[in-house]
2 protein chains.
Amino acid sequence: MTTIWLTGLPSSGKTTLARELTARQSARRAVEHLDGDVLRREMFPELGFSRDDRMENIRRIGNLAVLLARHGVLVVVSVIAPYRRARDAVRAAHRARGLSFVEVHVHASQAVCAARDVKGLYARATSGALSGLTGAGDVYEVPNAPDVQVRTAEQGVEECVLTIERALAATERRDKEALV
Amino acid sequence: MTTIWLTGLPSSGKTTLARELTARQSARRAVEHLDGDVLRREMFPELGFSRDDRMENIRRIGNLAVLLARHGVLVVVSVIAPYRRARDAVRAAHRARGLSFVEVHVHASQAVCAARDVKGLYARATSGALSGLTGAGDVYEVPNAPDVQVRTAEQGVEECVLTIERALAATERRDKEALV
């Protein structure tokens, strides 16, 4: 099956889109939403936000996604995943097992994300209470060639989700044809 | 679906039985083998062998099993899981989601396990190079009422696996009837 990985800045809208996508797709097939905040808290609380720890966090969540996807589950991941190399490695891990991978760049400008500031992280970064926030001190490597980009400042949730669903269908059709 | 948890001393035969069971069952349905040594190395390398860390290790592996089992996968877990309370909590987590849980006590005496010593752990414990090994310094709480017990010093691999498969079938039949 397939993993859909939503990558983007904090407050770009990853979790919101992942929840809506999961709800819509679960009417049709087995779906699991893996959320970065939840997994850090429940499964990998030892990992911090250094480059090494972020790389490792992405690797582990990628392995969880593979574990589920290879049993026919559609996996929706909402994790910042700021490094190209880490995202590419997760894609490679999927492809090596014949699984599809859809990289979704959830785009919103840093200014828009900081204004939303759903979890108050940008405010804490500005006041100096938090260091190393992605997009406010720490790097976010914008995807060069995502399978799809959605722009949450200009598009509503439904439009974004429909765009992702079209990319999902196209990817699964292409990968299926490649297997024939 | 169902999780089959093989609990027992180091070198009691858990991984051997889990591999054989996984191979046999995978001809019939989706199966995933979760092995304690592999998961500690790949997913939770920060966890050690204190009581708290072992409890946490069992909790996390239990959550992984639930994640897979609720998508129809038969999950075969080979993890020492020395504490009754932790095993019971994993069972409860499955039952709360309508999933079946089969606790298998893989029995062999401490003397037999120490003589096998597949990974050389008992030798290291005896020489003082390793402390806190389950069965050689650290507690193993024998299951009071496992769904099935296999005795690997007296039974061969095939006989043990057939015994587990009978318990699996009985549990799934019972849980299915309870749902009607």
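Each chain has its residues counted from 1, following the order in which its sequence is written. As they are written, the chains are lettered A onward and the ligands numbered 1 onward, keeping that order. Owing to the predicted nature of the model, reporting of local features is limited to residues with pLDDT of at least 70; listing and counting of side-chain atom pairs is limited to 80 or more, with chain, interface and lining totals taken over all residues. Heavy atoms from the whole structure form the basis of all side-chain values; hydrogens and water molecules are not counted.

Describing unusual backbone geometry
Turning to step 1, where the next piece is worked out: You will see that A:Ser11, though not glycine, has its phi angle at about 70 degrees, which is positive.
Turning to step 2, where the next piece is worked out: Phi angles above zero are rare outside glycine, and B:Asp117 is one such case at about 40 degrees.

Things to note about the relation of the copies chain B and chain A
Turning to step 1, where the next piece is worked out: When chain B is fitted to chain A, the best match, at an RMSD of 0.0 Å, comes from turning it 180 degrees and sliding it 0.0 Å along the axis. Viewed as a symmetry operation, the transformation between the two copies matches a two-fold axis.
Turning to step 2, where the next piece is worked out: Here, two residues are considered to be in contact whenever any of their heavy atoms come within 4.5 Å of each other. Both copies present the same face, since 100% of the interface residues in chain B are matched by interface residues at the equivalent positions in chain A. Least-squares superposition aligns the copies on the C-alpha atoms of those residues with pLDDT at or above 70 in both.

What to know about the packing of helix α3 (residues 51–69) of chain B against helix α4 (residues 84–96) of chain B
Residues and elements named next belong to chain B.
Turning to step 1, where the next piece is worked out: Running from N to C, α3 and α4 cross one another at 20 degrees; their axes reach a closest spacing of 9 Å. As the angle between them shows, α3 and α4 are arranged roughly parallel. Helix-helix and strand crossings are classified by hand; for α3 and α4 the assignment is right-handed. Of the residues in α4, those touching α3 at Met-55, Ile-58, Gly-62, Ala-65 and Val-66 are Arg-85, Ala-86, Val-90, Ala-93 and His-94.
Turning to step 2, where the next piece is worked out: Here the contact of α3 with α4 is built from residues that sort into seven nonpolar, two polar and one charged. Every axis in this analysis is a line fitted to C-alpha atoms, fitted for helices over the stretch in contact. Angles between the N-to-C directions lie between 0 and 180 degrees. Only runs of H or I of at least four residues qualify as helices and only runs of E of at least two qualify as strands under DSSP, and these elements are numbered from the N terminus. For classification purposes, an angle smaller than 35 degrees is called roughly parallel, one larger than 145 roughly antiparallel, one from 65 to 115 roughly perpendicular, and anything else oblique. Crossing handedness is read from the near helix: turned anticlockwise from the far helix by less than a right angle, it gives a left-handed crossing, and turned clockwise, a right-handed one. Nonpolar residues are Ala, Val, Leu, Ile, Met, Phe, Trp, Tyr, Cys and Pro. Charged residues are Asp, Glu, Lys and Arg, and all others, Gly as well, are polar.

Side note on the nonpolar core
Turning to step 1, where the next piece is worked out: By nonpolar core is meant a set of buried Ala, Val, Leu, Ile, Met, Phe, Trp, Tyr and Cys residues that side-chain atoms within 4.5 Å join together. Working definition: with a 1.4 Å probe on protein chains only, accessible area under 20% of the residue-type maximum means buried, over 50% means exposed, and in between means partly exposed. Counting residues in each nonpolar core, the largest one holds 50 residues, and the members touching the most others are A:Trp5, A:Leu34, A:Phe44, B:Trp5, B:Leu34 and B:Phe44.
Turning to step 2, where the next piece is worked out: Where this core is concerned, the elements lending two or more residues are α3 (51–69), β3 (74–78) and α4 (84–96) of chain A together with α3, β3 (74–78) and α4 of chain B.

Some remarks on the state of the cysteines
Residue and element names in this part refer to chain A.
Turning to step 1, where the next piece is worked out: The disulfide criterion is simple: two cysteine sulfur atoms within 2.5 Å. In the structure shown here, the tally under the stated rule is zero disulfides over all chains.
Turning to step 2, where the next piece is worked out: Cysteine Cys-113 remains unbridged, with the sulfur of Cys-160 as its closest cysteine sulfur at 12 Å.
Turning to step 3, where the next piece is worked out: Taking relative accessible area as the criterion, Cys-113 reaches 0% and is therefore assigned buried.

Structural notes on the interface of chain B and chain A
Turning to step 1, where the next piece is worked out: Taken residue by residue, the interface counts 20 residues in chain B and 20 residues in chain A.
Turning to step 2, where the next piece is worked out: Here chain B meets chain A over a buried area of about 1600 Å², counting both sides, of which 56% is carbon and sulfur.
Turning to step 3, where the next piece is worked out: Here, a salt bridge means any side-chain nitrogen of Lys or Arg that lies within 4 Å of a carboxyl oxygen of Asp or Glu. Seen at the junction of chain B and chain A, the total is six salt bridges.
Turning to step 4, where the next piece is worked out: Salt-bridge contacts for A:Glu42 lead to B:Arg59; the nearest nitrogen and oxygen are separated by 3.4 Å.
Turning to step 5, where the next piece is worked out: In the analysis that follows, any N or O atom pair within 3.5 Å is treated as a polar contact, provided that within protein one partner can donate a hydrogen and the other can accept it, and provided that, for residues neighboring in sequence, both atoms belong to side chains. Applying the counting rule to chain B against chain A returns ten residue pairs in polar contact (both at pLDDT 80 or more). Simply put, the buried area is the total loss of 1.4 Å probe accessible area from both parts when two parts are fitted together.

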